Amino acid sequence: MSIAKTYSPADVEAKWYQRWQEKGFFHAKPNPRKPAYSVVIPPPNVTGVLHMGHMLNNTIQDVLVRRARMQGKEACWVPGTDHASIATEAKVVALLQEKGINKKDLTREEFLTHAWDWKEKYGGIILEQLKKLGASCDWDRTRFTMEPELTDAVLRVFVDLYRKGQIYRGIRMVNWDPKGGTALSDEEVIPKDTMAKMYHLRYEVVISEQLSVVSAQGESDNQQLTTNNYLTVATSRPETIMADVAVAVNPNDPRYQHLIGQRVRIPLLGRDIPVISDEYVSIDFGTGALKVTPAHDLNDYELGLKHNLPVIDILNNDGTLNEKAQLYVGQDRFAARRNIVKDLEEAGLLDKVEEYASVLQTSERTGAVIEPRLSLQWFCKMDHMAKKALEVVENDEIKLHPPKFKNMYRAWMENVRDWCISRQLWWGQRIPAYYLPDGSFVVALNEEEALKLAREQSGNQNLEASDLRQDEDVLDTWFSSWLWPISVFDGFKDPDNADINYFYPTDDLVTAPEILFFWVARMIMAGLEYRKEVPFRNVYLTGIVRDAQGRKMSKSLGNSPDPLDLIAQYGADGVRTGMLFSSPAGNDLLYDVKLVEQGRNFTNKLWNAFRLTQGWEVDAALPFANGKAVEWFGAKLQATLAELDEHFEKFRMSDALMTVYKLVWDDFCSVYLEMVKPAYQAPIDAETLRHTTAYLETLLKLLHPFMPFITEEIWHELAERTDNDYLCVAAWPKPQPVAGATELLARMDKALDIVAGIRNIRNQKGLGPNKPLTLAAKTDDTQLLQDYDGILRKLGALTEINVVDAAPAAAVGFVSGGAEFFVPLEGQIDLGAEKERLSKELEYAQGFRDSVLKKLANEKFVQNAKADLVERERQKLADAEAKITALEQSLSAL
RNA sequence: GGGAGAUUAGCUCAGCUGGUUCAGAGCAUCUGCCUUACAAGCAGAGGGUCACUGGUUCGAACCCAGUAUCUCCCA
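Under an unreviewed UniProt entry, chain A has the name Valine--tRNA ligase and belongs to Hymenobacter citatus. Within the UniProt record for chain A, the comment given under Subcellular location (unreviewed entry) is "Cytoplasm".

Once that is clear, we can look at the sheet that holds strand 29 (residues 819–824). The four strands are arranged 27-26-29-28 in an open sheet whose pairing can be described as mixed. With partners counted over all chains shown, the strands left at the sheet margins are strand 27 (798–803) and strand 28 (811–816), one partner each. Neighbour-to-neighbour, the strand axes of the sheet open up by a mean angle of 25°, direction not taken into account. Note that strand 28 and strand 29 share six bridges and pair antiparallel.

Time to look at the protein's contact with RNA strand B. In the neighbourhood of RNA strand B, 46 residues make up the surrounding shell, with Ser582, Arg600, Asn608, Arg611 and Lys876 lying closest. Among atoms of RNA strand B positioned within 4 Å of the protein, sugar and phosphate together represent 62%. Interatomic distance of 3.0 Å between a side-chain N/O atom of Asn407 and a phosphate oxygen of RNA strand B. Between a base nitrogen of RNA strand B and a side-chain N or O atom of Arg600, the distance comes to 3.0 Å. Taken together, the elements giving at least two residues each to the surface near RNA strand B come down to helix 19 (593–614), helix 21 (653–676), helix 24 (741–765), helix 27 (831–857), helix 28 (859–864) and helix 29 (867–893). The biggest single contributor to the surface near RNA strand B is helix 19, with nine residues. Split into classes, the residues belonging to the surface near RNA strand B amount to 16 nonpolar, 15 polar and 15 charged.

By size, the foremost hydrophobic cluster in this structure holds 186 residues, and its most contacted members are Trp378, Tyr409, Phe479, Trp482, Ile524, Phe668 and Tyr672. At 14 residues, the largest contribution of residues to this core is made by helix 21. If you look at the next biggest cluster of nonpolar residues, it comprises 39 residues, including Ala246, Val264, Ile266 and Ala325.

Quick look at the confidence of the model for chain A now. Scored by pLDDT, chain A comes out at a mean of 88, with 96% of its residues at no less than 70. Mean pLDDT per element in chain A: helix 7 (residues 220–226) is the minimum at 42, and strand 2 (residues 74–78) is the maximum at 98. Residue range residues 209–227 is modelled with pLDDT below 50. Its contacts to residues more than four positions away, or to other chains, number 15 contacts. Across the whole predicted complex the pTM is 0.88, and at the interface the ipTM reaches 0.94.

Evaluated as defined, the whole model comprises 41 aromatic pairs. Judged by centre distance (5.3 Å) and plane angle (40°), the rings of Phe479 and Trp482 are tilted. Each ring, one from Phe668 and one from Tyr672, has its centre 5.5 Å from the other, and the planes form 15°; the classification is stacked. In this pair, Phe668 and Tyr672 are both assigned in helix 21, four residues apart and thus about one turn of the helix distant. Accessibility classification places Phe668 together with Tyr672 in one group, the buried group. An aromatic cluster is defined as three or more aromatic residues linked by ring pairs; in this entry it consists of Phe158, Tyr162, Trp378, Trp419, Tyr435, Phe441, Phe479 and Trp482. Arg202 extends its terminal NZ or CZ atom over the ring of Tyr230, reaching a point 5.6 Å from the ring centre. Between Arg373 and the ring centre of Trp176, over which it is positioned, the NZ or CZ distance is 5.4 Å.

What follows is about helix 29. The first and last C-alpha atoms of helix 29 sit 40 Å apart over 27 residues, in line with the 39 Å expected at 1.5 Å per residue. Where helix 29 is concerned, the buried positions are Val870, Glu873, Leu877, Ala880, Ile884, Ala886, Leu887, Ser890 and Leu891. Buried positions along helix 29 lie against strand 28, strand 29, helix 27 and helix 28.

Calculation notes
Residues numbered from 1 in each chain as written. Chains lettered and ligands numbered in written order. Predicted model: local features only at pLDDT ≥ 70, side-chain atom pairs only at ≥ 80, totals over all residues. Heavy atoms only, no water. UniProt positions renumbered as here; feature names shortened; annotations may be inferred. Pairing = 2+ DSSP bridges. Helix = DSSP H or I, 4+ residues; strand = E, 2+ residues; numbered from the N terminus. Axes fitted to C-alpha atoms, helices over the stretch in contact; angles between N-to-C directions. Near = heavy atom within 4 Å. Polar contact = N/O pair within 3.5 Å; in protein donor to acceptor, adjacent residues only side chain to side chain. Nonpolar A, V, L, I, M, F, W, Y, C, P; charged D, E, K, R; others polar. Core = buried A, V, L, I, M, F, W, Y, C linked by side-chain atoms within 4.5 Å. Buried < 20%, exposed > 50% of the residue type's maximum accessible area, 1.4 Å probe, protein only. pLDDT = per-residue confidence, 0-100. Contact = heavy atoms within 4.5 Å. Phe/Tyr/Trp six-rings, centres within 6.5 Å; stacked < 30°, edge-to-face > 60°. Lys NZ or Arg CZ within 6 Å of the ring centre and 35° of its normal. Expected span 1.5 Å × (residues − 1).

As structure tokens, then:
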């Protein structure tokens with residue numbers, strides 16, 4: 001036999017992947033004779049390299065797609081990448097920096113040239129890596145979110161939504177990096193734990209006539225806070241008092257009841273501001289009185305909106321104070337802080353200074369302390385779209401797997417805020433808004449159209465393109481990826497094209513829960529808005545891949561294996577199955593190398609099953625000797641097939657894999673092959689081989705979505721295949737009910753239970769697996785012994801099977817079903833141990849009987865429970881009694 | 001602070017509509033085997049008060065209430 005003893009994946013994987021591609025199996029096009037099945041890949045960042053999360057996510061997609069393809073659907077998996085504005089721009093900036101080039105010295109166009117160069121060079125790496133995993137994407141359809149066609153889609157949508165009044169400009173608090181002179185996303189902000197100072201400042205209460213008597217009824221320490229008609233306010237940022245527009249207290253705070261509605265005077269500055277009340281203020285933090293500075297704090301900003309307060313912005317872009325501050329103008333915020341503290345102290349307005357633990361937000365890029373800053377941004381209204389997008393999930397038009405995410409989704413959609421879609425970056429789709437010299441603007445697909453609109457709007461026919469200035473900002477990357485399921489089929493440019501009509505809505509989406517809102521929800525919105533149809537039917541949410549200790553995988557921890565190394569070491573099939581063994585939907589996957597080892601071992605097991613059947617010589621003269629085994633495995637296979645399909649329908653991928661795993665390893669290898677395997681170097685009969693090969697082929701089909709490479713390899717080794725006879729496109733087996741299957745399976749289980757009893761005795765008595773034994777059976781079911789005679793002899797290594805009326809002398813016994821079995825073992829019997837074992841079993845059986853009796857004696861049970869349930873209980877009772885009798889006899893025979 | 005989910009064997013998880021003594025799977029562990037397909041293997045075995053406390057029910061891992069612990073999301 002020339003087949004290697006262990007399977008070596010490296011030799012076959014590249015070969016088959018190339019063949020599949022050459023054959024065009026992954027390419028899909030509209031085909032009226034077939035049902036469509038489509039999946040769009042969550043486009044990985046162009047900056048990305050394959051990590052464990054991608055491996056899990058794409059393995060799941062590939063399993064779904066390959067199965068669909070085998071089911072005869074026109075399976076289309078659209079791959080592509082995402083331009084990832086922020087990440088990519090940061091990468092390019094860093095790369096330029098290494099070359100000594102500063103972004104600030106470049107024009108927009110120059111910078112973009114560098115960025116495109118970078119994208120061309122590195123942007124496709126991850127897709128190449130996916131091929132190593134076996135991903136059966138339709139590579140002819142590879143898209144990129146910033147390619148011209150998709151950019152066109154983005155701009156069209158922007159213009160359209162703007163014209164529908166869904167897009168507007170508004171004020172928003174951003175993370176401002178005063179050193180870098182740019183806004184940062186939340187992801188670029190690093191929180192640092194620090195000790196900060198809390199300054200207690202005195203705001204003089206402005207006494208008005210109406211107030212005079214009511215005050216000062218609080219407790220002693222409360223009085224302290226307002227003594228001498230001062231309200232003490234605690235703040236960590238005293239330099240911002242010039243931007244104060246109110247002081248807020250909690251309406252339930254007894255200390256300040258009398259001050260609500262009154263006015264206080266800002267220290268040093270002398271401007272009067274109102275005291276307002278809001279539940280937001282926490283009573284125990286600081287002094288319970290909060291200064292409200294809408295321009296420089298997000299929460300204050302919202303408070304300001306709620307209470308209709310003005311906004312005073314006292315900071316310049318570089319973090320220095322502007323004229324609106326009136327004091328310390330031109331000083332840096334930190335210098336101003338030092339100075340104002342000194343001045344407050346001298347004026348006797350600084351009550352005290354406390355230290356407290358706080359979190360300082362700093363810039364990832366410059367290290368500067370982030371300044372929350374109001375800025376003019378573009379927004380997309382969410383309320384209307386969110387409502388519809390919630391509906392389709394609520395009514396299960398789109399199903400989330402697992403369904404627990406529905407709650408999360410609902411919570412978010414009900415509290416959704418308008419979407420800030422502008423970013424102060426260059427890499428991305430530039431916002432198609434054009435400003436006129438008078439500061440007004442028009443929104444248009446291109447400059448030409450913009451000029452036309454601008455002339456109309458201004459009434460000035462002399463306007464020229466050069467008078468218009470396009471918005472400097474680009475759109476949020478999600479503003480292109482939310483169109484992905486439509487734009488990859490060119491559904492915006494050509495809304496009625498054959499591809500989109502055929503493949504949209506897509507079927508399944510596989511992604512991570514973290515982007516359920518950012519991406520999934522918005523795709524649903526876009527789908528409903530532009531196709532009036534949901535973008536997909538099922539959303540499968542994967543977990544996060546963690547290490548064995550439950551920590552996230554990260555570069556800095558160094559706890560993530562390199563996926564390509566893993567594939568090289570364990571084979572793509574081994575890695576794929578390893579990843580799936582322990583990852584129920586929505587649950588995090590605790591990665592352990594043991595998992596891929598298990599996967600690799602499984603491929604090896606399959607390989608050896610194949611090897612075994614290949615080694616058999618056929619003797620055409622031999623009669624069909626394995627009817628029972630063949631019949632049984634046929635029934636088992638069909639039953640499992642139904643179970644497997646059910647798991648797939650419910651998106652239980654791990655369970656589906658485990659089902660096939662056990663079918664192959666336990667039922668096929670450990671049981672079936674052992675039953676039909678001829679003795680060493682003995683030939684096999686043709687009929688058995690034919691069935692066995694057919695079974696193996698069916699198993700290969702079931703395994704193929706999980707382990708595409710090894711199964712394709714064996715498929716071609718098993719037989720000469722015609723041109724397009726690839727497992728990749730073989731028909732997925734349909735479950736076909738086997739007559740009397742339940743009975744067949746139950747009978748074999750009984751026979752196997754007897755085998756287990758024999759093997760157990762071998763183990764206990766230290767007999768080798770091949771030492772010939774005889775079996776004595778005391779049973780009514782002699783038919784079982786006849787039918788399974790060959791199997792019992794082979795698996796039990798028995799030389800004879802005798803039916804007896806009483807236990808033979810000097811034998812070890814066991815009970816199986818309602819019958820007793822004995823293995824005569826001269827001189828090896830430990831009477832005491834035997835007795836103890838039987839007594840134990842008897843005790844258990846009696847307990848069982850008693851519990852059933854008790855149940856049946858309960859009138860309410862008999863009345864209330866379903867009839868068949870009661871009937872089953874009666875049957876149980878009968879079985880138990882038979883067993884007890886058998887055991888009692890055995891005991892007395894000892 | 002608000003919300004959601006979880007808690008079952010050493011680990012990761014199943015357990016559908018409450019009904020077999022229902023407590024299960026894989027891995028890990030232990031014992032014995034190099035039995036010519038596979039030691040990346042074979043055959044067996046052990047292991048759990050279903051987080052806790054009450055309640056509903058003829059019957060609860062499952063339903064209800066409370067408690068504890070953990071995770072995630074939002075602020």
